[in-house]
Amino acid sequence: MKRKPSIVVVASSGGHLTQAMCATSLVKRDLVLVSNKNMLDGSHFTRVYTIRDTQYNVLIHAVNFFVALKILLKERPRAMFSTGGPICLPFALAAKITRTRFVFLDTMSRVTELSNSGKIIKKYGLYDSFLCQWEAVANDSGAEYHGQAFDLGDHGHQ
Amino acid sequence: MVKPLILVTMGTNDYPFTRLYNAIKNDSLYTDNRCEWFIQTGSCEAPVAPACGVIEKIIPRADMEDLIRRSALVISHCGIGTLNLMLKYRKRVIFVPRVAAHDEFSDDHQLQIAREIKNQRMKVVFPDDQFPLLDYEQIKEDNKLSDPVDITNYDLAEIINQKLTG
């Protein structure tokens, strides 16, 4: 039986990945992760690609751009999703070139303004849907707001 | 009885966090055999081991969850991933936000999220605050396993699902 096209998820390890896992928890397709570290041993993702991490190194971003093209052409995903960090930038560009639908959710950790990656993706229109997790930031930036990836409330704490 | 576990987690980024390491190392419980420590340092150098416990640079996510479940107290940087796990396992936490002024991150976003924490069992130590003395009796009282609660926002997850697959 032919498999449904996968969803490629690009998220740095740590908080970005945590948010991505919450946000994609209802997706009933193969989820393919691209991250800077592979610390997972669960079943959330079908495959994991590990790439080099950088914030500002243009050379690594350039290399990652070609890696991104290769992954997107190989996977032919239904769509791509990211919660950042900066490793998502070359993938956002590659998604634009390969006409892969890209949904970006700006990280919850930026409470007062968009993340740097979010600003670049927004500025250059490298997205099909752009959401952020704080209502005031959404109002200022023109992003969509549908709440946060997980609830910050007091869950039964004494 | 199992010794209470104090878990310290500094995250997975490439910045050191010497300020937090020094704060825990200077507490009397660091050299006290009544507590077990697990210290996840990331890129931070931690040359002095606790009297009882281990230091690891990085560990798989599943191992971290198990440690959190068993811990009596967590001392942590203020990353979103850790905050998620602390809420999920309802732990007593001391958060120490990384700040750019001490070269602990490229910006002060951990301070932003720290200001959003409104939880009685979560204490935030801001840069100008003194790190609190650790209270063995409180830690002993909190020495119990905890089961996770699901804190995922499924309304947002459904919207993301529609956008990706619809």
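The paragraphs below set out a description of the structure included in this document. As the structure is a prediction and not an experimental result, all values here were calculated from the model.

**A look at the layout of surface pockets**
- Considering only enclosed or pocket space, the largest pocket measures out at about 1100 Å³ in volume.
- Elements represented by at least two residues in the lining of the largest pocket include exactly α1 (15-23) and α4 (116-123) of chain A together with α2 (61-70), α3 (80-89) and α4 (109-114) of chain B.
- Of the residues assigned to the lining of the largest pocket, the class counts are 16 nonpolar, 27 polar and six charged.

**Considerations on the nonpolar core**
- Phe 81, Ile 121 and Phe 150 of chain A together with Phe 95 of chain B are the most contacted members of the largest nonpolar core, which has 78 residues in total.
- When near neighbours in sequence (up to four residues on either side) are disregarded, Phe 81 of chain A contacts Val 8, Val 9, Val 10, Ala 20, Ala 23, Thr 24, Phe 102, Val 103 and Leu 105 of chain A together with Ile 160 and Leu 164 of chain B.
- Residues Phe 17, Leu 20, Ile 24 and Leu 73 of chain B belong to the second largest nonpolar core, which totals 25 residues.

**Notes on the interface of chain A and chain B**
- Facing 50 residues of chain A, the contacting portion of chain B comprises 41 residues.
- Summing both partners gives a buried area of about 3900 Å² for chain A against chain B, and 60% of it is carried by carbon and sulfur.
- Summed over the shared surface of chain A and chain B, the number is two salt bridges.
- With its nearest N and O atoms 3.0 Å apart, the salt bridge here joins Glu 144 of chain A to Lys 163 of chain B.
- Our count for the chain A to chain B interface comes out at 15 residue pairs in polar contact (both at pLDDT 80 or more).
- Elements with a minimum of two residues in the side of chain A that touches chain B: α1, β4 (79-84), β5 (102-105) and β6 (129-132) of chain A.
- Looking at the side of chain A that touches chain B, the element that brings in the most residues is α1 of chain A, giving six residues.

Criteria and thresholds
Residues numbered from 1 in each chain as written. Chains lettered and ligands numbered in written order. Predicted model: local features only at pLDDT ≥ 70, side-chain atom pairs only at ≥ 80, totals over all residues. Heavy atoms only, no water. 1 Å grid on protein atoms, 1.4 Å probe; cavity = no way out; pocket = protein on both sides within 12 Å on 5 of 7 lines; lining within 4 Å. Points joined across faces, edges and corners; volume = space filled by probe spheres on them. Helix = DSSP H or I, 4+ residues; strand = E, 2+ residues; numbered from the N terminus. Nonpolar A, V, L, I, M, F, W, Y, C, P; charged D, E, K, R; others polar. Core = buried A, V, L, I, M, F, W, Y, C linked by side-chain atoms within 4.5 Å. Buried < 20%, exposed > 50% of the residue type's maximum accessible area, 1.4 Å probe, protein only. Contact = heavy atoms within 4.5 Å. Buried area = accessible area lost by both parts, 1.4 Å probe. Salt bridge = Lys/Arg side-chain N within 4 Å of Asp/Glu carboxyl O. Polar contact = N/O pair within 3.5 Å; in protein donor to acceptor, adjacent residues only side chain to side chain.

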